[in-house]
Amino acid sequence: DGGITQSPKYLFRKEGQNVTLSCEQNLNHDAMYWYRQDPGQGLRLIYYSQIVNDFQKGDIAEGYSVSREKKESFPLTVTSAQKNPTAFYLCASRLAVSYNEQFFGPGTRLTVL
Amino acid sequence: QQPVQSPQAVILREGEDAVINCSSSKALYSVHWYRQKHGEAPVFLMILLKGGEQKGHEKISASFNEKKQQSSLYLTASQLSYSGTYFCGTEGGNNNDMRFGAGTRLTVKP
């Protein structure tokens, strides 16, 4: 079945540690996205990538880093520089034209202790 | 750059109607609508492209006023299954940078 997978579903880390969230898609989509969602709030764009080896900062990129070495993978690293990393992280993908829908993964809930 | 949604929350009785609005301060290329149930990923509802297009799917429809940079989502004869948080996503051009509003929490009661 085609889709987007994120792992793990729940993740706990100690403050000061870097952590990498996985996002994989087998939909042959060109564009991939990372969003952060805080309780009762909307989706805020962290990073997005339109093609392999290229990505752009979103509105809240500070404290995060990404890579896009393969078309199907877009991992997000939450660094120790991110001051408040506890949140629900959603990965999405779509074809590289704007009028196509985004498909979302199931999300990873990160808790920093 | 994020679009603004209103209202923030709506409570309805089954069978009542609701309108959710989405506006942007910049010119829009397209507007997307999604619904999210608690703890789940957002689910796609529909896309509207510039040109004043209106789309509908059963009892959920939407309009897009390009000149006003606004879109509205119409839910008629609401059902319990309509409960959730509705998000609009907007794009200012063909560069794939989708931004979402803060969401509208819709609760439908029996």
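From a predicted model like this one, the values you see are computed outputs, not experimental measurements.

Participant: Talk me through the overall build of chain A; I want residue IDs and the actual numbers.
Facilitator: Across its full length, chain A holds zero helices and 11 strands. For chain A, the N- to C-terminal ordering of α and β elements is β-β-β-β-β-β-β-β-β-β-β. On C-alpha atoms alone, chain A measures out to a radius of gyration of 13 Å, which is about the 13 Å that the 2.2 N^0.38 rule sets for 113 residues. Taking the principal axes of the C-alpha coordinates as reference, chain A spans close to 40 × 25 × 25 Å. Among the 113 residues that make up chain A, the fraction classed as buried is 47%. Carbon and sulfur atoms make up 48% of the accessible area of chain A, which totals about 5500 Å². On chain A, the mean spot of the 12 positive side-chain charges and the mean spot of the 11 negative ones are 6 Å from each other.

Participant: For the overall build of chain B, give the residues involved together with the corresponding values.
Facilitator: Counting its regular elements, chain B contains zero helices and 11 strands. The secondary structure elements of chain B, listed N-terminal to C-terminal, are β-β-β-β-β-β-β-β-β-β-β. In summary, chain B has a C-alpha radius of gyration of 13 Å against a globular reference of 13 Å for 110 residues, a match within 12%. The principal-axis extent of the C-alpha atoms belonging to chain B is close to 40 × 25 × 20 Å. Looking at chain B residue by residue over its 110 residues, the buried ones come to 48%. Accessible surface for chain B amounts to roughly 5300 Å². Of this, 48% is attributable to carbon and sulfur atoms. Across chain B, the mean location of the 12 positive side-chain charges is 4 Å away from that of the 9 negative side-chain charges.

Participant: Give me the sheet that holds strand 7 (residues 64-66) of chain A: which residues, what numbers.
Facilitator: Residues and elements named next belong to chain A. Strands sit in the order 1-3-8-7 across an open sheet of four strands; the sheet is antiparallel. Every interior strand has two partners, whereas the edge strands, strand 1 (4-7) and strand 7, have only one. The mean angle between the axes of side-by-side strands here comes to 20°, regardless of whether they run parallel or antiparallel. Pairing between strand 1 and strand 3 (residues 19-25): four bridges, direction antiparallel. In the strand pairing of strand 3, Ile4 is matched with Gln25.

Participant: Let's hear about the interface of chain B and chain A: which residues, and what values?
Facilitator: The interface of chain B with chain A comprises 26 residues on the first partner and 28 residues on the second. Summed over both partners, the interface of chain B with chain A comes to about 2000 Å²; 51% of that surface belongs to carbon and sulfur atoms. Here chain B and chain A share two salt bridges between them. A salt bridge links Glu91(B) to Arg94(A), with the nearest nitrogen and oxygen atoms 2.1 Å apart. Elements that contribute at least two residues to the side of chain B that touches chain A include exactly strand 4 (30-36), strand 5 (43-49), strand 9 (84-91) and strand 10 (99-100) of chain B. With four residues, strand 4 of chain B is the largest single contributor of residues to the side of chain B that touches chain A.

Participant: Describe the pairing of strand 5 of chain B, with residues and values.
Facilitator: Within a regular beta strand, the side chains point alternately toward one face of the sheet and then the other, so they alternate between its two faces. Residue and element names in this part refer to chain B. For strand 4 and strand 5, the ladder comprises six bridges, and the chain directions are antiparallel. Looking at strand 5, one finds that Arg35 is bridged to Val43. Counted along the chain from strand 4 to the antiparallel partner strand 5, the turn is six residues long, and its residue Gly39 has a positive phi close to 75°.

Participant: Summarise unusual backbone geometry; cite the residues concerned and give the values.
Facilitator: A cis amide bond, omega -10°, links Ser7(A) with the succeeding residue Pro8(A). Mapped onto the secondary structure, Pro8(A) falls in the loop between strand 1 and strand 2 (10-13). Here the bond from Ser6(B) into Pro7(B) is cis, since omega is -5°, no more than 30 degrees from zero. In this model, Ala77(B) sits at a positive phi of 45°, which is unusual for a non-glycine residue. Counting through the fold element by element, Ala77(B) comes out in the loop between strand 8 (70-75) and strand 9.

Quick notes on the rules
Residues numbered from 1 in each chain as written. Chains lettered and ligands numbered in written order. Predicted model: local features only at pLDDT ≥ 70, side-chain atom pairs only at ≥ 80, totals over all residues. Heavy atoms only, no water. Helix = DSSP H or I, 4+ residues; strand = E, 2+ residues; numbered from the N terminus. Rg over C-alpha atoms; globule rule 2.2 N^0.38 Å. Buried < 20%, exposed > 50% of the residue type's maximum accessible area, 1.4 Å probe, protein only. Areas by Shrake-Rupley, 256 points an atom, 1.4 Å probe, with all protein chains shown as cover. Lys, Arg positive; Asp, Glu negative; His and termini not counted. Charge placed at Lys NZ, Arg CZ, Asp CG, Glu CD. Pairing = 2+ DSSP bridges. Axes fitted to C-alpha atoms, helices over the stretch in contact; angles between N-to-C directions. Contact = heavy atoms within 4.5 Å. Buried area = accessible area lost by both parts, 1.4 Å probe. Salt bridge = Lys/Arg side-chain N within 4 Å of Asp/Glu carboxyl O.

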